Amino acid sequence: MLGFNEPEFLSQMASAVALRPQIEELVDRLVDEGFDHLLLVGAGGTYAQMWPYEHLARRSSALNVRAAIAAELVASGDATLGGRSVAIFTSVTGTTDDSIRAIEYCRSRGAYTIGFTGYPDSPIARNVDIALISEPKTWPFDMQLLLFMGRLLSRRGEFDGYEKLADELADIPRILVDVAERAEPAAAAFAEAHKDTDYHFLIGGGNVWGFTYLYSMCILEEMQWLRTTRVHSAEFFHGSLELLEQDTSVIIFQGEDETRPLTDRAESFAKRISKDVTVFDTRDYPLKGISPEFRGLLAPLVLDTVMGRVSKHLERVRDHSLDLRRYYRVMDY
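Just so we're clear, the structure is a prediction, and the values are computed from it rather than from any experiment.

Quick notes on the rules
- Residues numbered from 1 in each chain as written.
- Predicted model: local features only at pLDDT ≥ 70, side-chain atom pairs only at ≥ 80, totals over all residues.
- Heavy atoms only, no water.
- Axes fitted to C-alpha atoms, helices over the stretch in contact; angles between N-to-C directions.
- Helix = DSSP H or I, 4+ residues; strand = E, 2+ residues; numbered from the N terminus.
- Parallel < 35°, antiparallel > 145°, perpendicular 65-115°, else oblique.
- Left-handed = near helix turned anticlockwise from the far one by under 90°.
- Contact = heavy atoms within 4.5 Å.
- Buried < 20%, exposed > 50% of the residue type's maximum accessible area, 1.4 Å probe, protein only.
- Pairing = 2+ DSSP bridges.
- Right-handed = clockwise from strand over helix to strand, strands pointing away.

Bringing the packing of helix 4 (residues 51–60) against helix 8 (residues 142–155) into the picture now. Where helix 4 contacts helix 8, the axes come no closer than 10 Å and their chain directions differ by 15°. Classified by the angle their axes make, helix 4 and helix 8 are roughly parallel. Crossing geometry of helix 4 relative to helix 8 is assigned as right-handed. Contacts between helix 4 and helix 8 involve Tyr53, Leu56, Ala57 and Ser60 on the former and, on the latter, Asp142, Leu145, Leu146, Met149 and Leu153.

Structure follows, in structure tokens:
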């Protein structure tokens, strides 16, 4: 597979799975001590990656759980933050300035802070109350967040089957390699067909809406300097559909939760207008070893793996490195 370091990928994913005992011990302690408010804090991609777990909690739990943009949290504050609050942060490098300031703010309000990162000596790891460390450059953080939220909801009596799910996740590194291999032909074909496309319209919903936002902003815009529109499938018919034309490249991300019909509806309409609609559907991947009732929970992780292959092929056909930046972490702002 193009630009795919399988041993490194397997090792990184395994290091995330290996955090299960630490995550469970932490969740059990927090539940036993008691807390009322869980804040999922990020910036850019790490903010968007919190949304599936806010979504899971919102549909399953009475606990007050919300995702927050780190910089806005510091600027606007949060009246609910206090001594019975928990705030979770993720950062690949552990150096995201907005998140570091948000950690300081949360701790000043008495909240208990948790950090997931790959670098134990990073500012984020040093500043949170507890840091859980995977291998360097491990991405995404869906494994850690799903284990945390699954255990939390299970302890609250709001999620059945957590132990079964967590046991099955032990094999997720191998499962995701299989996903990557199966995605390779479609990824290469998409890139070849769109090497000169400078605008993409992205649609997703439910627990893959966060990934839709992430891929639009953090990959196509930041890493490839392409113009995009991104819209939630439930909101597609309230304005954004007017942008579609016959040659508009439409990328649709389809998961397997209860919001799937909303994305089906958007897909059906998009195909009536545009002749360039590409659907990336997690149902196309077998995920051998994962029970049917858990497949929907893994949709963001599956799409991240699939689109990772697309990104590498776009890098190739466009001769535009995914590491190239003009402004992000290059200029002061």
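Moving on: unusual backbone geometry. The omega angle of the peptide bond from Trp139 to Pro140 is 0°, so this bond is cis rather than trans. Structurally, Pro140 is set in the loop between strand 5 (130–133) and helix 8. In the Ramachandran plot, Trp225 falls in the positive-phi region, its phi being about 55° despite a non-glycine side chain. Using a relative accessible area of 31% as the deciding quantity, one classes Trp225 as partly exposed. You will see that Arg329, though not glycine, has its phi angle at about 60°, which is positive. Here Arg329 lies in the segment after helix 14 (299–318).

Counting buried positions along strand 8 (residues 249–254) gives six out of six residues, so the element sits mostly inside the fold. The pairing of strand 6 (residues 199–204) with strand 8 spans four bridges and is classified as parallel. Paired with Ile203 across the bridge in strand 8 is Ile252. In this structure, strand 8 lies alongside strand 9 (residues 277–281), joined through five bridges in parallel fashion. When the bridges of strand 9 are listed, Phe253 appears paired with Phe280. Viewed along the sheet, the connection from strand 8 through helix 12 (residues 260–273) into strand 9 turns out right-handed.

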